[in-house]
Amino acid sequence: MGEIPDPFREKRRTDGVVGLPSDDEVIPMILRHEDVRKAAKDWKTFSSDAPRRVPIPSEEHLRTVRQLPLEIDPPEQTEYRKLVEPFFLRAKQPAFIAQVENLTDRMLTEALGRESLEAVGEFALPLQSRALTILLGVPESEAERFIGWGVHVFHGEHGVQQGAALEHYLNEQFDRAAANPGDDFYGVLTTANFRGRPLTREELLGFANIMFAGGRDTIIHSVACALGYLAEHPEALEFLRADPDRIVHASEEFFRAYMPLTHIGRVCPVDTNVHGMQVQAGDRATLCWASANLDEEVFDAADEVRLDRKPNPHVSFGFGAHLCLGAPHARTVLRTLLAGLCRRVERISLLSKQDRIEHTPAYDRQLGYESLHVRMMPLTGGAV
Ligand code: HEM
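The rules behind these values
- Residues numbered from 1 in each chain as written.
- Predicted model: local features only at pLDDT ≥ 70, side-chain atom pairs only at ≥ 80, totals over all residues.
- Heavy atoms only, no water.
- Helix = DSSP H or I, 4+ residues; strand = E, 2+ residues; numbered from the N terminus.
- Rg over C-alpha atoms; globule rule 2.2 N^0.38 Å.
- Buried < 20%, exposed > 50% of the residue type's maximum accessible area, 1.4 Å probe, protein only.
- Contact = heavy atoms within 4.5 Å.
- Areas by Shrake-Rupley, 256 points an atom, 1.4 Å probe, with all protein chains shown as cover.
- Lys, Arg positive; Asp, Glu negative; His and termini not counted.
- Charge placed at Lys NZ, Arg CZ, Asp CG, Glu CD.
- Near = heavy atom within 4 Å.
- Polar contact = N/O pair within 3.5 Å; in protein donor to acceptor, adjacent residues only side chain to side chain.
- Nonpolar A, V, L, I, M, F, W, Y, C, P; charged D, E, K, R; others polar.
- Expected span 1.5 Å × (residues − 1).
- Bend = angle between axes of the 7 residues up to and from the residue.
- Pairing = 2+ DSSP bridges.
- Axes fitted to C-alpha atoms, helices over the stretch in contact; angles between N-to-C directions.
- Salt bridge = Lys/Arg side-chain N within 4 Å of Asp/Glu carboxyl O.

## Regarding the overall build of the protein chain
On a plain count of helices and strands, the protein chain comes out with 14 helices and nine strands. Taking 21 Å as the expected radius of gyration for a compact globule of 384 residues, we find that the protein chain reaches 21 Å, a close match to that expectation. The C-alpha extent of the protein chain, read off along each of the three principal axes, is 65 × 60 × 35 Å. Relative to its 384 residues, the protein chain shows a buried fraction of 54%. Put simply, of all contacts in the protein chain between residues at least 6 apart along the chain, 70% involve residues at least 24 apart. As displayed, the protein chain has an accessible area near 16,600 Å², and 51% of this comes from carbon and sulfur atoms. When the 43 positive and 57 negative side-chain charges of the protein chain are each reduced to one mean point, those points stand 4 Å apart.

Written out as structure tokens, the structure reads:
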């Protein structure tokens, strides 16, 4: 028995699919690595052209706009994507990485000066929020507002009000950019040209919405899980310190093992048989990235975390046309954090934790932490 709980193992081996009851449908959830990748490339059968229904549960009550370029198919998706791709690629540039290093260093200095900290709310959330300001190209002080929204801002009982608050905030940003467009995210989009015309306000909001919704829990969760793992495996930091080239592989392995998005849906435009389950035209199927990442046909000892795993063809950032645009940013944040920990932290002690469980009628999946209390000890001879 490995250390990554795998609620999909049996069904993946036997049927390759499991039914997920949702509203008035039972949604087939595709489980095998090969099948998930195939479906992700086949947008004619498994379409993303379904505003606010691609995430499951649906977000029809949470937002009014279609997330772009996520909730649309090629060829429009390809054209929308081209508008923002260069922007997201900034996260690979040395100047961008240096800014994230500076941020991480300041946050580690603060963490090392404390007796203990709750790593989800007091480290992962502010790190994600401040790193997002670097990606957006706005002042870091803006992050205080994002931090104030809390960890699970767009879910739960306050999700609807928070969704409206986000839309209001984004409208303010686009008003500002329309009056005086700079080279930040809002300015770049405001001056973008789509098929010979500027983007509409609805399209602008669709692009911006996913920056906040898609890039938030995912990074918070990945950072918290990496910290939790290092706290529970004290030898792991030594292993990474011994050869910093391992940091790249370790980051990919954390993304694989602790995939924050269990699955993402598609709509079948025509009646479709999904591994023996019948889907009526207009109903949904869903791609279970988390199960694909644990497929023993592809990964040796799939339920073990191996920090030097390679190759590592995980699908945590999706596959095909919608491959995550935020992946370079997420990678920069996690790699920079691991490098900073290696440089400055001797050990992370686990004080207490409360696991977070995703409960559904089809599976329960451990998904990071509700809370994670740790103490960071400085590396003797390292910078404090
Ligand atoms: C660990 C962090 C992240 C994970 C695991 C993740 C995962 C994913 C996945 C699985 C998809 C594909 C969705 C699909 O096929 O339906 C995706 C798409 C996307 N993600 Fe991420 N994401 C992460 C971080 C981010 C960040 C930080 C941002 C932006 C700030 C972001 C923005 C996007 C966008 C814009 C798309 C849509 C791309 C398209 O449709 O062409 N993601 N992400």
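Past the structure itself, the notes keep going.
## A short note on the site of the ligand
Neighbouring residues of the ligand: 31 residues in total, closest Gln77, Arg81, Arg266, His322 and Cys324. Contact distances for the ligand include 2.7 Å between an oxygen atom and a side-chain N or O atom of arginine 81. With respect to the ligand, the side chain of histidine 322 contributes an N or O atom lying 2.6 Å from an oxygen atom. Of all elements in the fold, only helix H3 (76-89), helix H9 (201-213), helix H10 (217-232), strand S4 (264-267) and helix H14 (327-344) reach the threshold of two or more residues within the shell around the ligand. Within the shell around the ligand, the residues separate by chemical class into 19 nonpolar, ten polar and two charged.

## Observations regarding H3
A rise of 1.5 Å per residue sets the reference length of H3, with its 14 residues, at 20 Å; its end C-alpha atoms lie 20 Å apart and thus fit the reference within 8%. At leucine 83, H3 shows its strongest bend, of approximately 40°, with the proline proline 86 following within four residues. Where H3 is buried, its residues touch helix H5 (119-136), helix H8 (185-190), H9 and H14.

## A closer look at the sheet that holds strand S8 (residues 345-359)
Pairing between sheet strands relies on hydrogen bonds along the backbone, with the strands arranged either parallel or antiparallel. Across the sheet, which stays open at both edges, the three strands sit in the order S3-S9-S8 with antiparallel pairing between neighbours. In this open sheet, the two edge strands, each paired with only one partner strand, are strand S3 (117-118) and S8. Sheet topology places S3 next to strand S9 (residues 364-378); two bridges connect them, and they run antiparallel. Directly across from glutamate 118, in S9, lies its bridge partner histidine 373. Strands S8 and S9 of the sheet are contacted by H14, whose axis makes an angle of about 145° with S8.

## Topic: the pattern of salt bridges
Taken as a whole, this structure holds 35 salt bridges when the rule is applied. Between aspartate 23 and arginine 284 there is a salt bridge, with its nearest N and O atoms 3.9 Å apart. Taken together, the residues span a long stretch of sequence, with aspartate 23 in the loop between strand S1 (17-22) and strand S2 (25-30) and arginine 284 in strand S7 (residues 284-287) at a distance of 261 residues. Residue classification places aspartate 23 among the exposed residues on the basis of a relative accessible area of 68%. Residue arginine 284 is classed as buried on the basis of its relative accessible area, which comes to 1%. Because the salt bridges share partners, they merge into one network encompassing Asp6, Arg9, Glu10, Arg12, Arg13, Glu296 and Asp303.

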